[in-house]
Amino acid sequence: MAKKEETVSLVDTFAEFKELKNIDRTTMVSVLEESFRSVLAKMFGTDANYDVIVNPDKGDFEIWRNREVVADEDLDDPNVQISLSEAQKIDSSYEVGEEVTDEVNFASFGRRAILNLRQTLASKILELEKDTLYNKYIDKVGTIISAEVYQIWKKEMLLMDDEGNELLLPKTEQIPSDFYHKGETVRAVVERVENKNNNPKIILSRTSPTFLQRLFELEVPEINDGLITIKKIARIPGERAKIAVESYDDRIDPVGACVGVKGSRIHGIVRELRNENIDVINYTTNTQLFIQRALSPARISSIKLNEEEHKAEVFLKPEEVSLAIGKGGLNIKLASMLTEYTIDVFREVDNTAAAPEDEDIYLDEFRDEIEGWVIDAIKGIGIDTARGVLNAPREMLIEEADLEEETVDEVIRILKKEFEED
């Protein structure tokens, strides 16, 4: 009785694997059958004369052995043969040459056989899990998933998905300002799936341009519906990004749709990317115009192209040069990445130097301190310089630019501070 219970418990044990690892029923039955046959073949040299029947509904299994009836003196292999006298003890009508089928209690083969079965099953299930994990995530490459932080190491983080599968987020694929605690949820894109020696590793990324693209697809319905297309993305993770979008419907403003009313759509993306500054521009096949837009917020005077070498010489007024280059050279670097042109900036000579009291600063130079959508809203009412804002009535900025009072007051404070420091 104890042996029977021990064998039945085997099926219970492996039913748990099915629940935990999401292995479908048909596959589990097949694995159980293969495992039994593998052990039988090791014990007897062949499993060809055995029928293995797994009953998943009942939670048990049956093993039937088929043997040929031979004369007592001709018995050579008791595994595939049965003597006539033994066969007639089962049924007196058996004759030489007939086949006897009897049920075998697997537990009667001993603990060694049961141990072999457990080991074989564990090995096959582990291999099956790896195949299942690989097939699941190879189809998810390029999609966003959420996972829980399980372990944090110096060079990578170990995450767990909702099925308990292990995922890796290397330090090189994390935004520099990313900081997580154990148990927190992380959103990232599946970057790649490695499968060396049938040992799949799922690598995630938060720095990939694809991650930014998928976030826009989630936040902007027009992109998800195919009305707006993301043509190109350039990104320096955690710092700044430029994204070129296009719409084939003249009624849709692709930039406005991506930014949203008062920046409502882009806000969530910026927060997810640790306040990464995102410039959205209209895509065009006109290279000169595309480079001009890519260098925004700088205003370009002229461009000289070398299409063979993919080089562009850009000429700007002196006050526009710093805007074109950007803080730490980010703007020109991203423009080059986006357009795939090496861009060289040249300053136009301006002999009419402005008096110190007449100096002004374009609002775009404050994008590191003032959110881009706020600047765009102010520029939308025809004010594009710091002094222009300070000279404008506060009520006009609130009403015509459709900004909150607190927002306008913060903008005025930042701009005043700049001139006070000067």
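Residues numbered from 1 in each chain as written. Predicted model: local features only at pLDDT ≥ 70, side-chain atom pairs only at ≥ 80, totals over all residues. Heavy atoms only, no water.

**Q** Lay out the layout of surface pockets with the relevant residues and their values.
**A** By volume, the largest pocket amounts to about 1100 Å³. Together, 39 residues line the largest pocket, and Arg240, Asn277, Asp279, Pro297 and Arg367 are the ones closest to its centre. Listed by contribution, the elements that provide at least two residues to the lining of the largest pocket are helix H7 (254-259), helix H8 (264-272), strand E12 (277-282), helix H9 (287-294), helix H10 (318-325) and helix H12 (372-379). The biggest single contributor to the lining of the largest pocket is E12, with 6 residues. Grouping the constituent residues of the lining of the largest pocket by class yields 15 nonpolar, 10 polar and 14 charged. (1 Å grid on protein atoms, 1.4 Å probe; cavity = no way out; pocket = protein on both sides within 12 Å on 5 of 7 lines; lining within 4 Å. Points joined across faces, edges and corners; volume = space filled by probe spheres on them. Helix = DSSP H or I, 4+ residues; strand = E, 2+ residues; numbered from the N terminus. Nonpolar A, V, L, I, M, F, W, Y, C, P; charged D, E, K, R; others polar.)

**Q** Describe the pairing of E12, listing the residues and the values that go with them.
**A** Extensive coverage of E12 is indicated by the burial of 5 of its 6 residues. Summarising the sheet, strand E11 (residues 240-247) and E12 pair through 6 bridges and their orientation is parallel. Its bridge partner being in E12, Lys242 is matched across the sheet by Asp279. (Buried < 20%, exposed > 50% of the residue type's maximum accessible area, 1.4 Å probe, protein only. Pairing = 2+ DSSP bridges.)

**Q** Could you give an account of the sheet that holds E11, naming the residues involved and the relevant values?
**A** Taken in spatial order, the 3 strands of this open sheet run E10-E11-E12, and their pairing is mixed. Two strands lie at the open edges of the sheet, namely strand E10 (228-236) and E12, each paired on one side alone. Neighbour-to-neighbour, the strand axes of the sheet open up by a mean angle of 20°, direction not taken into account. Contacts between helix H5 (residues 209-219) and the sheet are confined to E10, E11 and E12, with E10 contributing the most and set at about 140° to the helix. Strand contacts of helix H11 (residues 330-339): E10, E11 and E12, with the helix running at about 135° to E10, the strand carrying the most contacts. (Axes fitted to C-alpha atoms, helices over the stretch in contact; angles between N-to-C directions. Contact = heavy atoms within 4.5 Å.)

**Q** How would you explain the nonpolar core if you had to name every residue and give the values?
**A** Phe216, Ile278, Val280 and Ile378 are the most contacted members of the largest nonpolar core, which totals 48 residues. Broken down by element, this core gets its largest block of residues, 6 residues, from helix H15 (residues 405-421). Leave out the neighbours within four places in its chain, and Ile378 touches Leu363, Ile383, Val389, Leu397, Ala401, Leu403 and Val411. Judged by nonpolar contacts, the second largest core, of 24 residues, contains Ile281, Ala312, Ala335 and Leu338. (Core = buried A, V, L, I, M, F, W, Y, C linked by side-chain atoms within 4.5 Å.)

**Q** Please provide a residue-by-residue account of the side chain of Arg235, values included.
**A** Among the secondary structure elements, Arg235 is positioned in strand E10. A relative accessible area of 6% means that Arg235 is categorised as buried. For Arg235, the side chain forms a polar contact with the main-chain oxygen of Ser208, separated by 2.9 Å. (Polar contact = N/O pair within 3.5 Å; in protein donor to acceptor, adjacent residues only side chain to side chain.)

**Q** For the pattern of salt bridges, give the residues involved together with the corresponding values.
**A** Close approach of charged atoms allows side chains of opposite charge to pair. Tallied over the full model, the rule gives 28 salt bridges. We note a salt bridge from Arg274 to Asp178, for which the minimum N-O separation is 2.8 Å. Here Asp178 lies in the loop between strand E7 (166-170) and strand E8 (185-196) and Arg274 lies in the loop between H8 and E12, a separation of 96 residues in the sequence. The class for Arg274 is partly exposed, based on a relative accessible area of 29%. (Salt bridge = Lys/Arg side-chain N within 4 Å of Asp/Glu carboxyl O.)

**Q** Mind laying out the packing of aromatic side chains, listing which residues take part and the relevant values?
**A** Throughout the structure, instances matching the rule amount to 4 aromatic pairs. Here Phe44 and Tyr50 contribute two aromatic rings whose centre-to-centre distance is 5.9 Å and whose plane-to-plane angle is 20°, an arrangement assigned as stacked. According to the relative accessible area criterion, Tyr50 is buried, its value standing at 0%. Arranged with centres 5.3 Å apart and planes meeting at 25°, the rings of Phe315 and Phe346 form a pair that is stacked. Placement of Phe315 in strand E14 (residues 311-316) and of Phe346 in strand E15 (residues 342-347) is noted, with a sequence separation of 31 residues between them. Here Phe315 falls in the partly exposed class, since its relative accessible area comes to 23%. A cation over a ring is seen here: Lys182 above Tyr150, with NZ or CZ 5.1 Å from the ring centre. (Phe/Tyr/Trp six-rings, centres within 6.5 Å; stacked < 30°, edge-to-face > 60°. Lys NZ or Arg CZ within 6 Å of the ring centre and 35° of its normal.)

Everything listed is a geometric property; what it means functionally is a separate question.
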